[in-house]
Amino acid sequence: MQISDIERDAVAEIANIAVGRAAASLRQIVGHEVLLSVPSVDILTHEEASHVVAKPGNRALIAVCQNFDGPFSGRALLIFPEANSLQLVRAILGQELPLEDIVDLEDEALAETGNIILNSFVATMANVFKRGLTMSLPTVLRGDGRQLFAGAPGERELVLFLYINFEISQKEIRGYLALLMDIPSLEMLRTLVQDFLDTVALKGAGQ
Amino acid sequence: MPRTVLVVDDSKLARMVACKALAKIHPDWACVEAGDATQAMAALQAQDVDISLIDLNMPGDGGLVLAADLRRKRPNMPIAVVTANIQDEIIARVRELGATFVPKPLTEEALSAFLTGANLRLRKVAQ
């Protein structure tokens, strides 16, 4: 299974647009600028994808996960080191709350924040392709990279893996936004990318 | 008078979108493509460029660094930074550089509005 350079470029560019919107949502929630890396797009096995996420020092991870379904389906994850979790929740809820309240609200705050960011990310991709996607409710997962990806659609299959680092300025909070798409979906995605490229070409030709 | 527009984006697709939209709005204008900041600076040396459209999130020097370099070299060049990253800090930094913030996905309307303003500015400078 391979994707052509222009398809990879198109997926990365559309993800770049989508993550820009998602970062703006996160910025509104935490009140600090969100710095983004350039997205990387690859066809990997789940195993390989989990290794990318579980880099040295990233063993204990926490993730908000939502599955999406429609013309293409897969799983979107907002992932960060567990050590950053309370700090992120504090950034979301405000500095004045006592620690015990923050601990109580941790999963709820993460799920809600993840929901806003992941919806913004997936919805922007859906809008670019002019197709509707449905999103599952967010779940909060803890574990290493392999555990986070367990049970995803097509567990042992190849997936399209899209990966972007983010960092919240002045907060020392880092994380990743990842998208796993299964291969039957990827076929559909290729068709949509091609349609999108055709539209771009036609528009440019003045039609 | 026809202008030359430099389009800097690491995505070929994004460059295609920008150049096609430009061709539709101003068929007689020229579009020069660059895939990163280094190529952009080389293009600037090699030919006359009137206007620049720069992507924000690129490998190597990002769009803001490139826009600052361009601004130093060409104080009067109309520059747009094109991005979906609509965070207040980004928009503020783009404006500090005397550049225009243009949201992605790039639409013909947004590009046309920027180009009209850019053309007026260039005419004013030439007077």
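Structural data are supplied above this passage.
Keep in mind the model is a prediction, meaning the values are calculated, not measured.

The rules behind each value
- Residues numbered from 1 in each chain as written.
- Chains lettered and ligands numbered in written order.
- Predicted model: local features only at pLDDT ≥ 70, side-chain atom pairs only at ≥ 80, totals over all residues.
- Heavy atoms only, no water.
- Helix = DSSP H or I, 4+ residues; strand = E, 2+ residues; numbered from the N terminus.
- Buried < 20%, exposed > 50% of the residue type's maximum accessible area, 1.4 Å probe, protein only.
- Contact = heavy atoms within 4.5 Å.
- Disulfide = S-S within 2.5 Å.
- Core = buried A, V, L, I, M, F, W, Y, C linked by side-chain atoms within 4.5 Å.

**What about the environment of Pro39(A)?**
For Pro39(A), the location among the structural elements is in the loop between strand 1 (34-36) and strand 2 (40-45). Among the residues examined, Pro39(A) registers a relative accessible area of 11% and is labelled buried. Through-space distance from the C-alpha of Pro39(A) to that of Tyr163(A) is 5.6 Å; in sequence the pair is 124 residues apart. Apart from residues no more than four positions distant in its own chain, Pro39(A) is found in contact with Ala12(A), Asn16(A), Tyr163(A), Ile164(A) and Asn57(B).

**A few points about the state of the cysteines**
All names here are of chain B. With the rule as written, the count across this model stands at one disulfide over all chains. Between the sulfur of Cys19 and that of Cys31 lies a disulfide, 2.2 Å long from S to S. Torsion about the S-S bond of the Cys19 and Cys31 cystine: about -50 degrees, corresponding to left-handed handedness. Note that Cys19 is positioned in helix 1 (residues 12-25) and Cys31 in strand 2 (residues 30-34), a separation of 12 residues in sequence. For Cys19, a relative accessible area of 13% gives the class buried.

**So, the nonpolar core**
Among the nonpolar cores identified, the biggest contains 54 residues, and Phe121(A) and Leu179(A) are the most heavily contacted of them. What Leu179(A) contacts, discounting residues up to four positions off in sequence, is Phe68(A), Arg75(A), Ala76(A), Phe121(A), Val122(A), Met125(A), Leu160(A), Phe161(A) and Leu162(A). Judged by nonpolar contacts, the second largest core, of 25 residues, contains Val32(B), Ala40(B), Met58(B) and Val94(B).

Don't take any of this as a statement about function, it's just geometry.
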